[in-house]
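Working through the structure, step by step
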Amino acid sequence: MNVPLTWHFSVFDPGGPTAKQSGIANGSFTKTAYRNGVVTALTVTVAEVGSTGEYIASATFATTGVWKVEIVPPDGSQITYEDIEVLDLPAGVSASLTPEAAAILLAMGGRAL
C-alpha cells in the first residue's frame, strides 16, 4: 500500500497565543499514531519550514484503516492531530479531486497522483 502523506501545522508559544515557537527539532516532539483506535507503530517526521514556527509532518501509511496521528511539542502546550483514512480501492476504481481540493492539497505540500 505505502501511502505517503504530508500535512502542515503551527506551534504557538503558550505565553503569547499569537507568537509561534521556532527551532523545535524532530526528536523533541512526542508522536503517537493510532490505527482503528489502537496505538500503532508509525514513523512520523517533523521538519520546520525555515525558522517560522510552521512545521510539516510526514508519514507513510502501509495499511488501510482509520488513523489518528498526535504530535505534541516538548512543553506539552498543545496537541496537533490529523485524522486520516487510508482506503484500498479495487482495481479499475480511481478517486478524483475537484480543482479546488487539488489546489488545497498541493498548497499544503501534498502530492497529486
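See the structure above.
As a starting point, this report considers the structure included with it. (Residues numbered from 1 in each chain as written. Predicted model: local features only at pLDDT ≥ 70, side-chain atom pairs only at ≥ 80, totals over all residues. Heavy atoms only, no water.)

For the rest of this paragraph, the subject is the overall build of the protein. Looking only at helices and strands, the protein has one helix and nine strands in total. When the helices and strands of the protein are placed in sequence order, the string is β-β-β-β-β-β-β-β-β-α. The buried share of the protein, taken over its 113 residues, is 26%. Just so you have it, the protein exposes about 7000 Å², and 57% of that area is on carbon and sulfur atoms. (Helix = DSSP H or I, 4+ residues; strand = E, 2+ residues; numbered from the N terminus. Buried < 20%, exposed > 50% of the residue type's maximum accessible area, 1.4 Å probe, protein only. Areas by Shrake-Rupley, 256 points an atom, 1.4 Å probe, with all protein chains shown as cover.)

Now for the sheet that holds strand 4 (residues 30-35). Strand order in the open sheet formed by four strands is 5-4-8-9, and the pairing between neighbours is antiparallel. Only two strands of the sheet have a single partner each, and these edge strands are strand 5 (38-39) and strand 9 (80-86). In this structure, strand 4 lies alongside strand 8 (residues 65-72), joined through six bridges in antiparallel fashion. Paired with Arg35 across the bridge in strand 8 is Trp67. (Pairing = 2+ DSSP bridges.)

This next bit is on the pairing of strand 6 (residues 44-48). Direction of pairing for strand 6 relative to strand 7 (residues 54-61): antiparallel, over a ladder of five bridges. Its bridge partner lying in strand 7, Val46 is registered against Ala57. The turn linking strand 6 back onto strand 7 is made up of five residues, and Gly50 within it adopts a positive phi angle of 65°.

Strand order in the open sheet formed by three strands is 1-7-6, with antiparallel pairing between adjacent strands. Whereas interior strands pair on both sides, the edge strands pair on one side only; in this sheet they are strand 1 (3-10) and strand 6. Each strand axis lies, on average, 20° off the axis of its neighbour in the sheet, ignoring direction. Pairing geometry for strand 1 and strand 7, over eight bridges, is antiparallel. In the sheet register, Ser10 faces strand 7, and the bridge partner there is Glu54. (Axes fitted to C-alpha atoms, helices over the stretch in contact; angles between N-to-C directions.)

With that settled, the discussion passes to the nonpolar core. Soluble globular proteins tend to bury their nonpolar side chains together. Of all hydrophobic cores here, the largest spans 17 residues; its most connected members are Phe9, Phe29 and Ile71. For this core, the secondary-structure elements that each account for two or more residues are strand 1, strand 6, strand 7, strand 8 and strand 9. Tallying contributions element by element places strand 7 first for this core, with four residues. Residues contacting Phe9, with those up to four places away along its chain left out, are Phe29, Val46, Gly53, Glu54, Tyr55, Ala57, Ile71 and Thr80. (Core = buried A, V, L, I, M, F, W, Y, C linked by side-chain atoms within 4.5 Å. Contact = heavy atoms within 4.5 Å.)

This part is about the pattern of salt bridges. Here the structure, examined in full by the defined rule, presents two salt bridges. For the salt bridge of Lys20 with Glu54, the shortest nitrogen-to-oxygen distance reads 2.0 Å. Highlighted residues: Lys20 in strand 3 (residues 16-20) and Glu54 in strand 7, separated in sequence by 34 residues. Here Lys20 falls in the partly exposed class, since its relative accessible area comes to 38%. The partner of Glu70 in a salt bridge is Lys68, and the shortest N-O contact between them spans 3.9 Å. The buried category is assigned to Glu70, whose relative accessible area is 18%. For Lys68, a relative accessible area of 29% translates into the label partly exposed. (Salt bridge = Lys/Arg side-chain N within 4 Å of Asp/Glu carboxyl O.)

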